[in-house]
Amino acid sequence: MEGIGLIIVITLGVLFVIFATAKLKVHPFLSLLIAAFAMGILAGLPLADVVTAVNSGFGGLMGGIGLVIVFGTIIGVILERSGAALRMAEVVLRIVGEKRPQLAMSLIGAIVSVPVFCDSGYVILSSLKKSLARRAKVAVASMAIALSTGLFATHTLVPPTPGPIAAAGNIGAQNYLGVIILVGIVVAIPAIIAGYIWAIKVGTKIKVKDEDKLEYDVDEIAASFGEMPSTFKSFAPIVVPILLIGLGSVVTFAGWEGKFFEILLFLGSPVVALLIGIMFAFTLLPKLDEETLTQWIGHGIKESAPILLITGAGGAFGSVIKATPVAEFIQGFGDSSLIGGAFFLLIPFFIAAALKTAQGSSTAAIVITSTLIAPLLTQVGIEGALPLALVVMAVGAGAMVVSHVNDSYFWVVKEFSGMTVTDAYKGQTAATLIQGIVALIVTLLLWLIFV
């Protein structure tokens, strides 16, 4: 099958994934695989080629990015259970000061969500948020929105969070993670600021039931973890891998050669850098026994499994698309100015936004969208570190829009803050819409200035 018929088949495949995950509640892993096989068969590919495309797409992506996702998740679990995430929160709080509690919560959320899933991060920091709200005499809802939006920004934009890592792998940018981290931070900052402003302007007007009766003590929260880890030990599992990946990127772009730079490239490869991060995370373990070395790490592996499966299925989905003649059909559009340049970034943004809004999961939206657009990138001439990094940002920006009732994170924020569903729509849902739009605008500006 060629031409318009092929485009219709691919469109139906995408619509099936959205319908199956959002309405039928089929796990994205199965819906992606079913759609991949169906598209290959309907497109007229030889049956053996369909099987080959699915297997190679799944395995190829796992080989490039699978271990990175697992290592990042393990680090997040150790930071969460050892109290290191709370220690990082305390450090940021001391720097920012309790006179700006909403800003403190936004920054705390942004840092913690780099290795820790935003759902888990919110649960960990919820008591701290309420304690600060009581101490600073500010609305709990404003603190809740500041925390949730800070967590959400880096969750969708900054590796080693699994979503952006998976997107990088899907579009062939796994070797540019250092650039993606840097660009992700640049794009995340305005999104965090937008969430903070929304928390100040709107969150302060939302009244939580029995807000005056809330009593939480920061010292009691910290004491529940036992002896808290040091600041260096808490930050090292995140900061060291990011620095190593950044150094590796600098060596690559500078083209430096020699044994010393070979070692830097080795240490800066994402797999090695995050493995080193795990070594630093081991220093956070309160004791070395079966509970920490087996159960904690086992929990991290379990948490990474759904992401790995969705990412691998996304790779299979994309591989089947690449096996069809769609590239030749798209070539004509790629040569036109209409789909080139910054305009192209709107395509992944709107696809990711539609997927996020329809089925709720930001990670699934990022994985599926990056899979769909991967075959288009070479056709429209998008290659190299910065352009591909901005594509990942456009996908992440779309995956912010919007967090509502079909998103587990929406319910975590609502329940742990005490907001009603209506108030959560005013606070959380509207804030994520604004964050996504702001992130897209910044991404487009970066493209127009630097690409």
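In what follows, the structure referred to is the one given above.
Residues numbered from 1 in each chain as written. Predicted model: local features only at pLDDT ≥ 70, side-chain atom pairs only at ≥ 80, totals over all residues. Heavy atoms only, no water.

A. Looking closely at the environment of T311. Here T311 shows up in helix α14 (residues 290-323). Counting along the chain gives 42 residues from T311 to S269, while the straight-line C-alpha distance between them is 20 Å. Ignoring any residue separated from it by four or fewer positions in sequence, one finds T311 in contact with L61, M62, I65, I69, A166, N170 and V367. (Helix = DSSP H or I, 4+ residues; strand = E, 2+ residues; numbered from the N terminus. Contact = heavy atoms within 4.5 Å.)

B. Region of interest: the packing of helix α7 (residues 140-157) against helix α20 (residues 421-450). One can describe the packing of α7 onto α20 by two numbers: an axis separation of 10 Å at closest approach and a directional angle of 40°. With respect to their mutual orientation, α7 and α20 come out oblique. Of the two possible hands of crossing, α7 and α20 adopt the one that is right-handed. For the pair α7 and α20, the contacting residues are I145, S148, T149, F152, A153 and L157 in the first and G427, Q428, A431, T432, Q435 and A439 in the second. Among the residues making up the contact of α7 with α20, the classes are represented as 6 nonpolar, 6 polar and no charged. (Axes fitted to C-alpha atoms, helices over the stretch in contact; angles between N-to-C directions. Parallel < 35°, antiparallel > 145°, perpendicular 65-115°, else oblique. Left-handed = near helix turned anticlockwise from the far one by under 90°. Nonpolar A, V, L, I, M, F, W, Y, C, P; charged D, E, K, R; others polar.)

C. Structural detail: the packing of aromatic side chains. Per the stated rule, a full pass over the model turns up 7 aromatic pairs. Between F152 and Y409, the aromatic rings sit 5.7 Å apart at their centres with planes inclined by 25°, giving stacked as the arrangement. You can see F152 sitting in helix α7 and its partner Y409 sitting in helix α19 (residues 408-417), a full 257 residues away along the chain. Here Y409 falls in the buried class, since its relative accessible area comes to 1%. Judged by centre distance (5.4 Å) and plane angle (70°), the rings of F260 and F261 are edge-to-face. The exposed category is assigned to F260, whose relative accessible area is 54%. (Phe/Tyr/Trp six-rings, centres within 6.5 Å; stacked < 30°, edge-to-face > 60°. Buried < 20%, exposed > 50% of the residue type's maximum accessible area, 1.4 Å probe, protein only.)

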